[in-house]
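So you can see what is in the structure, the chains are spelled out below.
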Amino acid sequence: MNTALAPEAPDLRPGEPSGSRTRYLVPLAAGVTVVLWASAFIGIRAAGHDYSPGALTLGRIAVGTLALTVLAGVAGKLRVPRGRLLAGVIVWGVLWFGVYNIALNAAERTLDAGTAALLVQLAPILTAVVAGLALGEGFPARLLTGIGIAFTGVAVIAWASSSGTSDVGAVLLGLTAAVLYSAGTLLQKRMLPRVDALTMTWLGCLAGTVAALPFAGTLVTEVVAAPVPATLGVIYLGVFPTAIAFATWGYALSHTTAGRLSATTYAVPPIAVLLSWWLLDEVPAPIVLVGGALCLGGVILATRRPRTR
């Protein structure tokens, strides 16, 4: 999520000509991911009225696994890694597709879609902090200032929640989702040079599905009781924001740095707010929007690369 994750690298992998179509496909893939991930906050909010967090997670990633199996079959490339690399992909999948989704689904039971999207966008700062501590990148002034501004925004959102806008516990779950988002991006970037993006996404989604199987009984019960639009929403979440969006994200991440790609996700919260307003007739309270603006401003400041002469 931040350029501190890895040394600066060219956008294209070695062996790919600079004038190839990859230079056009990478921003296209990033754009698809951003729009679909923004729509996921709306889908979760809508389906969450009829599906509990665990059941919604299992239904979404099970559909996503099926869709990714079809995509991988059409692409004709499934090269399953072995040993420690396979174990790493499994851990990544359980965290990214399983635990992250449960935390986000639980948060959106009381948080509106826009506020949840704003909280999750703290992930780039969390990644920068990890890089500063674990990779010896240090804490430049702009990073510390950005962290201060962003967490002031979180405090504003939490204060608004305690005033009745939403639930403080939901805010903490949203922050947990941001932590898992950051960890997932860091792990994925480290492993992508050794496993292709589609295979990694498919394996990760499958691992998350297996980990979420304890919710199978609840899912069956809720499918029977839920209205058709809610179930169609679960299917949408599995096919589009999961299978397609994570596949395009993995493709883009394998051809550019995590810091550069993470900058595109700054567009997710405003898109989510607009979609939430249009489709669900809900807009975060003005004080929450102020807190969200502080969060995004802090993230942009903290993760902005300094100019070089």
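Residues numbered from 1 in each chain as written. Predicted model: local features only at pLDDT ≥ 70, side-chain atom pairs only at ≥ 80, totals over all residues. Heavy atoms only, no water.

You'll find the protein entered in an unreviewed UniProt entry as Drug/metabolite transporter (DMT)-like permease, with Myceligenerans xiligouense given as the organism.

K.L.:
Mind showing me how you'd approach the packing of aromatic side chains here?
P.N.:
Describing an aromatic ring pair means giving the distance of the ring centres and the angle of the ring planes. Counting across every chain of the model gives 11 aromatic pairs. Ring geometry for Trp-92 versus Phe-97: centroids 5.5 Å apart, planes at 90°, classification edge-to-face. Taken individually, Trp-92 and Phe-97 each receive the classification buried, so the pair is uniform in this respect. Between Phe-97 and Phe-246, the ring centres sit 4.7 Å apart and the planes meet at 45°, which makes this aromatic pair tilted. Highlighted residues: Phe-97 in helix 3 (residues 83-107) and Phe-246 in helix 10 (residues 228-253), separated in sequence by 149 residues. Comparing Phe-97 with Phe-246, the two get one shared label, buried. A connected cluster of aromatic rings, assembled from ring pairs, spans Trp-37, Trp-92, Trp-96, Phe-97, Tyr-100, Tyr-181, Phe-246 and Trp-249. (Phe/Tyr/Trp six-rings, centres within 6.5 Å; stacked < 30°, edge-to-face > 60°. Buried < 20%, exposed > 50% of the residue type's maximum accessible area, 1.4 Å probe, protein only. Helix = DSSP H or I, 4+ residues; strand = E, 2+ residues; numbered from the N terminus.)

K.L.:
Explain the environment of Thr-33 to me, please; I cannot follow it from the model alone.
P.N.:
Among the secondary structure elements, Thr-33 is positioned in helix 1 (residues 22-47). Since its relative accessible area comes to 1%, Thr-33 is described here as buried. Expressed as a C-alpha distance, the spacing of Thr-33 and Phe-246, which sit 213 residues apart in the sequence, is 7.0 Å.

K.L.:
I tried to follow the environment of Pro-227 on my own but got confused; where do I start?
P.N.:
Looking at the secondary structure, you find Pro-227 in the loop between helix 9 (216-225) and helix 10. Residues Pro-227 and Asp-50, spaced 177 residues apart in sequence, show a C-alpha to C-alpha distance of 7.8 Å.

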